[in-house]
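Close look at the chain arrangement
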Amino acid sequence: MKLKVFGTGSKGNAYAWIVGRDVLLLDAGLPWKTIIEGLDDGLRGVCGCLVTHEHKDHSKAVPDMLKYGIKTVMSDGTAKAISPPTPDTSVKPVQARIRAVNGEPIHLLNFAIVPFTTQHDAAQPLGYLVKHKPTGATLVYATDTYYLKYTFPGVNYWLIECNYTMKLANKLLEDESGKSLYDRLMKSHMSLDRLLEVFRVNDLSQTRTIVLIHMSDERSNEAEMVEAVYRQTSIRTIAAKNGQEIDFEYCPF
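Bear in mind the structure is a predicted one, so any value in this text is a computation, not a measurement. (Residues numbered from 1 in each chain as written. Predicted model: local features only at pLDDT ≥ 70, side-chain atom pairs only at ≥ 80, totals over all residues. Heavy atoms only, no water.)

**Observations regarding the sheet that holds strand β8 (residues 111-117)**
A sheet is described by the order of its strands in space; here 7 strands give the open sequence β7-β8-β9-β10-β11-β12-β13, paired in mixed fashion. This sheet does not close on itself; its edge strands, each paired only once, are β7 (106-108) and β13 (236-239). Strand after strand, the sheet turns through a mean of 20° between neighbouring axes, direction not considered. Where strand β9 (residues 126-132) meets strand β10 (residues 137-142), 5 bridges bridge the pair, whose relative direction is antiparallel. For Lys 131, the partnering residue across the bridge sits in β10 and is Thr 138. Against the sheet, helix α9 (residues 222-233) touches β12 (209-213) and β13, its axis set at about 165° to β13. (Pairing = 2+ DSSP bridges. Helix = DSSP H or I, 4+ residues; strand = E, 2+ residues; numbered from the N terminus. Axes fitted to C-alpha atoms, helices over the stretch in contact; angles between N-to-C directions. Contact = heavy atoms within 4.5 Å.)

Shown next, in the form of structure tokens:
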């Protein structure tokens, strides 16, 4: 069991949760060729892709996935924002797209998925609670959201945004031109402080690994973030990097 990081951050976000021969893609914000070439067995074993929202750094490859018939999960708002309906829309993309609704379970072969609403400046953004049915392993995927409305008991793995520290974000207020970006950050991305609050209110007794994603190049401090999360949770914490493979051992002993 492992997590493959194709890309993380503002230049493109795409991941794969690989459990045995089962592969679930999480966002597709890189060229489709890059994602395929990053998979050891190409498209073999790929059950589908969960798309959080329409911004290109998360959805760049979605049109190609639909064209190739990859089951692609996203909300109605995301689907419309990525590809507004036109009279000549082909049938195949419609067949490949799976409608995601807050709280309604979806099944992609060996994966059970529950979408949940997130808080971002996008049409209808979602996060996903995922369970691999044969192993019972569970994962929360939450990115581009400034807080989480929900709690998730018994989660084994967290793939979650930690975009900035307040200390570095506050530097934007030193110049009038930075105020609009500061305001957007506060209502679109997860700070370290807010992430720590997420972990305070969630039951982490079954959590084995926390992976921090979508760190800002200018307003994050990787070492500080990892240390702060580990200090509070005492759980293995990793900052994701492009091209990285992270082992997810379901049983650590």
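**Points about the sheet that holds strand β3 (residues 22-28)**
Here 7 strands make up an open sheet; going across it, the order is β6-β5-β4-β3-β2-β1-β14 and the pairing mixed. Every interior strand has two partners, whereas the edge strands, β6 (97-99) and β14 (245-247), have only one. Recorded for the sheet is a direction-independent mean angle of 20° between the axes of neighbouring strands. Bridging between strand β1 (residues 2-7) and β14 involves 3 bridges; their strand directions are antiparallel. Looking at the pairing, Lys 2 lines up with Asp 247 of β14.

**Here we look at the side chain of His 189**
Examined against the element boundaries, His 189 turns out to sit in the loop between α7 (179-186) and α8 (192-201). The exposure class of His 189 is buried, given its relative accessible area of 6%. Separated by 2.6 Å, the side chains of His 189 and Glu 161 make a polar contact. If sequence neighbours within four positions are ignored, His 189 has contacts with His 120, Asp 144, Thr 145, Tyr 146, Glu 161, Asn 163, Tyr 164, Arg 184, Arg 194 and His 214. (Buried < 20%, exposed > 50% of the residue type's maximum accessible area, 1.4 Å probe, protein only. Polar contact = N/O pair within 3.5 Å; in protein donor to acceptor, adjacent residues only side chain to side chain.)

**Quick word on the pattern of salt bridges**
If you walk through the whole model with that rule in mind, you get 13 salt bridges. Of the charged contacts in the structure, one is a salt bridge between Glu 245 and Lys 2, with a shortest N-O distance of 3.2 Å. With Glu 245 in strand β14 and Lys 2 in strand β1, this residue pair connects regions lying 243 residues apart in the sequence. Overall, Lys 2 belongs to the buried group, its relative accessible area being 18%. A salt bridge links Lys 241 to Glu 222; its shortest N-O distance comes to 3.0 Å. In this pair, Lys 241 sits in the loop between β13 and β14 while Glu 222 sits in helix α9, placing the two residues 19 residues apart along the sequence. The exposure class assigned to Lys 241 is partly exposed, which follows from its relative accessible area of 39%. (Salt bridge = Lys/Arg side-chain N within 4 Å of Asp/Glu carboxyl O.)

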